[in-house]
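Residue-level listing of the chains:
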Amino acid sequence: YLASVRVHGGMLSAGDVANNFLYGAEGTAPGELQGVTLKLTATTLVGPRAVGQASVTADYANRKYLNVLPFTTLESSDPSVLTVDANGAYTAIKAGTATIMATYSGKEATQQVTVLAAPATELKHRYSFSEAPGSTTVKDSAGSADGTVKGLGADFDGAGKLTLPGGGASNAGDDVISGYVDLPNGIISSLVNVSIEAWVSWQAPAQWARVFDFGTSAGGENVSNGSGDYLFLTPFTTAEGGSIRFAVRDPRTANEPTVLNAATPAAGSEHHLVVTYDYTGNQTVMYLNAAPIATGGSATPLNLIHDVNNWLGRSQWADNMFGGTYNEFRIWQGALTADQVAACYAAGPDTLPSTETQPTLAVSTAAGSVVIAWPATSTYLLESTTAYGPAATWSAVDTSGAVVEGGQKKLTVTPSQAATFYRMKK
């Protein structure tokens with residue numbers, strides 16, 4: 001409906017438009033400005049590139065809660081920690097605290113925002129599919145997010161594998177849909193960065209069938225009609241001449257800013273698949289059997305994903321159901337490094353890799369000497385070579401003279417004319 005139509009005999013200025021907005025459709029004068037309120041969707045952001053949205057309202061004597069964001073000046077007290085744009089979107093840059101200041105018609109409101117470092121890599125959920133035949137529960141041995149087997153024809157073999165039959169479409173009715181696994185809501189949107197890992201095999205791949213699909217469709221929970229937001233992995237697409245694909249759909253733009261494609265692996269064999277989605281580092285990597293096969297950016301914050309359909313074997317769209325066997329499925333908080341992915345692959349589906357972090361070497365100078373330092377608790381060995389390259393011969397370094405200071409082992413060496421290279425090796 002139309003509340004009011006006005007025709008003016010000239011071009012309105014920005015101030016005229018603002019005043020008309022404040023007067024409203026009925027033309028009531030707003031009266032004296034009483035105050036300004038600044039609201040933030042989050043006062044704590046986790047990790048660089050985390051985002052929030054500010055809103056600004058003004059209270060006048062005769063009108064309350066007016067949206068004045070378009071006419072407000074927004075500033076950050078420390079742009080090296082937090083930035084804010086004219087539309088009210090604020091973005092974390094690094095750990096610290098900053099204050100957002102909103103100024104409107106001489107009135108000011110402020111809110112403090114804390115930016116935290118991204119959390120360390122940690123295994124959050126692990127599904128080993130060791131349930132007895134006939135079970136409808138998929139136990140999470142690393143967390144509390146147990147899944148549920150739904151649909152028809154899914155089968156535990158009693159020895160650590162779950163087979164989904166495939167066939168039919170993801171939008172089939174509950175009474176006829178092929179078997180799949182439904183994981184709890186919120187297991188992805190609660191993370192800053194994520195690594196998703198699976199040991200899985202598939203039958204002759206059905207187009208667009210999903211190994212996993214986390215998010216929602218336009219229809220919401222338990223509906224597969226597409227056009228929502230999600231992240232998924234399929235072993236076979238009709239695009240790119242047939243490929244394995246990982247994609248993320250952003251609810252802000254309704255498109256897929258992250259799309260990774262690679263050659264489809266062979267059907268009938270078990271594969272180790274890992275996708276590392278590093279939002280804070282703006283990088284996504286897809287691995288097959290520990291080898292990186294595709295890379296891209298990561299433009300969508302995970303906390304914007306409405307993950308109410310967290311499925312193994314089913315799609316947010318009316319795509320084919322997945323037919324294949326799961327041996328292990330893991331969700332990690334954080335982006336696994338290439339070395340960590342390789343360690344997972346080497347350990348296999350039934351064993352977690354060592355959690356020891358690879359040490360970092362630090363080099364400094366003191367009184368004409370060179371000081372090499374590394375974590376005192378590390379079990380890695382220090383080695384050196386004078387000829388770096390593929391054919392280099394590395395030798396163990398005598399570290400008996402190292403001293404421990406501040407949690408670091410420090411070894412002082414005398415510099416020479418010849419270059420010497422150092423590394424830590426397990």
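Here the structure is shown first, and the text comes after it.
As the structure is a prediction and not an experimental result, all values here were calculated from the model.

Chemist: Looking at this structure, I do not really get the overall build of the protein chain. What am I missing?
Modeler: The secondary structure content of the protein chain amounts to two helices and 32 strands. The C-alpha atoms of the protein chain give 28 Å as radius of gyration, which overshoots the globular expectation for 426 residues (22 Å, by more than 25%). Projected onto the principal axes, the alpha-carbon positions of the protein chain cover approximately 85 × 75 × 40 Å. Looking at the 426 residues of the protein chain, the share that counts as buried comes to 42%. In the protein chain, of all internal contacts separated by at least 6 residues, the share reaching a separation of at least 24 is 61%. In the form shown here, the protein chain has an accessible surface area of approximately 20100 Å², with 51% of it arising from carbon and sulfur atoms.

Chemist: Which parts of the structure should I look at to understand the pairing of strand β17 (residues 212–216)?
Modeler: Remember that side chains alternate between the two faces of the sheet whenever the strand is regular. Burial analysis of β17 places five of its five residues in the buried class, the great majority of the element. Side chains Phe 212, Phe 214 and Thr 216 project from β17 onto one buried face, and the interleaved Asp 213 and Gly 215 project onto a second face that is buried too. Here β17 pairs with strand β18 (residues 229–237) via five bridges, running antiparallel. Following the sheet pairing, Phe 214 is matched in β18 by Leu 231. Here β17 pairs with strand β24 (residues 309–312) via three bridges, running antiparallel. Paired with Phe 214 across the bridge in β24 is Asn 310.

Chemist: I keep staring at a nonpolar patch on the surface and nothing clicks. Help me out?
Modeler: There is a patch of nonpolar side chains on the surface, built from Leu 2, Val 5 and Val 7 and spanning about 390 Å² of accessible area. Here Leu 2 lies in the segment before α1 (14–23). A relative accessible area of 73% places Leu 2 in the exposed class.

Chemist: Can you walk me through the environment of Ala 169 in this structure?
Modeler: Relative to the elements of secondary structure, Ala 169 occurs in the loop between β14 (162–165) and β15 (180–183). In the structure, Ala 169 is positioned 134 residues away from Asn 303 in sequence and 28 Å away in space, judged by C-alpha atoms. With sequence-adjacent residues up to four places away left out, Ala 169 is seen in contact with Ile 177, Ala 318, Asp 319 and Met 321.

Chemist: What exactly am I supposed to notice about the sheet that holds β18 here?
Modeler: What holds strands together in a sheet is hydrogen bonding between their backbones, with the strands either parallel or antiparallel. Strand order in the open sheet made by the eight strands is β11-β12-β15-β24-β17-β18-β19-β20, with antiparallel pairing throughout. At either end of the open sheet lies a strand with only one pairing partner, and these are β11 (137–138) and β20 (255–263). Strand direction decides the pairing type here: β15 and β24, joined by three bridges, are antiparallel. Each residue of the ladder has a partner; that of Leu 183, found in β24, is Asn 310.

Chemist: What should I look at first to understand the side chain of Thr 276 in this one?
Modeler: Here Thr 276 shows up in strand β21 (residues 271–278). When sequence neighbours within four positions are dropped, the list of residues in contact with Thr 276 reads Val 194, Ser 195, Gln 283, Thr 284, Val 285, Tyr 287, Ala 335, Leu 336 and Val 341.

Chemist: What exactly am I supposed to notice about the sheet that holds strand β5 (residues 73–76) here?
Modeler: Taken together, four strands build an open sheet; the order of strands is β2-β9-β8-β5 and the sheet is mixed. The open sheet has two edge strands, β2 (44–46) and β5, and neither has a second partner. Neighbour-to-neighbour, the strand axes of the sheet open up by a mean angle of 25°, direction not taken into account.

Chemist: What is the right way to look at the environment of Leu 361 in this model?
Modeler: Tracing the backbone through its elements, the reader meets Leu 361 in the loop between α2 (338–347) and β26 (362–366). Given a relative accessible area of 27%, Leu 361 falls into the partly exposed group. With eleven residues separating them along the chain, Leu 361 and Ile 372 place their C-alpha atoms 6.9 Å apart. Residue contacts for Leu 361: discarding those within four places in its chain leaves Ile 372, Ala 373, Trp 374, Leu 382, Tyr 422, Arg 423 and Met 424.

Chemist: What should I look at first to understand the nonpolar core in this one?
Modeler: Looking at soluble globular proteins, one finds that nonpolar side chains tend to be buried together. In terms of nonpolar packing, the biggest core is built from 43 residues, with Phe 214, Phe 246 and Phe 329 touching the most fellow members. Among the elements that take part in this core, strand β16 (residues 194–202) stands out by supplying five residues, more than any other. Apart from the residues lying within four places of it in its own chain, the contact partners of Phe 246 are Phe 212, Leu 231, Phe 232, Leu 233, Thr 258, Val 259, Leu 260, Val 275, Tyr 277, Thr 284 and Met 286. By size, the runner-up hydrophobic cluster in this structure holds 27 residues, among which are Leu 69, Leu 74, Ala 98 and Val 113.

Chemist: I tried to follow the packing of aromatic side chains on my own but got confused; where do I start?
Modeler: Aromatic ring pairs are reported here in terms of the distance separating the ring centres and the angle at which the planes meet. The tally for this structure, following the rule as stated, stands at ten aromatic pairs. Consider the rings of Phe 129 and Tyr 326, whose centres lie 5.9 Å apart with planes at 45°: the pair is tilted. Residue Phe 129 is located in the loop between β10 (122–127) and β11, and its partner Tyr 326 is located in strand β25 (residues 323–333); the two are separated by 197 residues in the primary sequence. Judged by its relative accessible area of 1%, Phe 129 falls in the buried class. For Tyr 326, a relative accessible area of 0% puts it in the buried group. When the centroid spacing of 5.3 Å and the interplanar angle of 25° are considered together, the rings of Phe 212 and Phe 214 count as stacked. Exposure class is identical for Phe 212 and Phe 214. Each is buried. Taken together, Trp 208, Tyr 230, Phe 232 and Trp 317 form an aromatic cluster joined through their ring pairs.

Rules and cut-offs
Residues numbered from 1 in each chain as written. Predicted model: local features only at pLDDT ≥ 70, side-chain atom pairs only at ≥ 80, totals over all residues. Heavy atoms only, no water. Helix = DSSP H or I, 4+ residues; strand = E, 2+ residues; numbered from the N terminus. Rg over C-alpha atoms; globule rule 2.2 N^0.38 Å. Buried < 20%, exposed > 50% of the residue type's maximum accessible area, 1.4 Å probe, protein only. Contact = heavy atoms within 4.5 Å. Areas by Shrake-Rupley, 256 points an atom, 1.4 Å probe, with all protein chains shown as cover. Pairing = 2+ DSSP bridges. Patch = residues over 30% accessible without salt bridge, like charges linked within 9 Å, V, L, I, M, F, W, Y side chains within 5 Å. Salt bridge = Lys/Arg side-chain N within 4 Å of Asp/Glu carboxyl O. Axes fitted to C-alpha atoms, helices over the stretch in contact; angles between N-to-C directions. Core = buried A, V, L, I, M, F, W, Y, C linked by side-chain atoms within 4.5 Å. Phe/Tyr/Trp six-rings, centres within 6.5 Å; stacked < 30°, edge-to-face > 60°.

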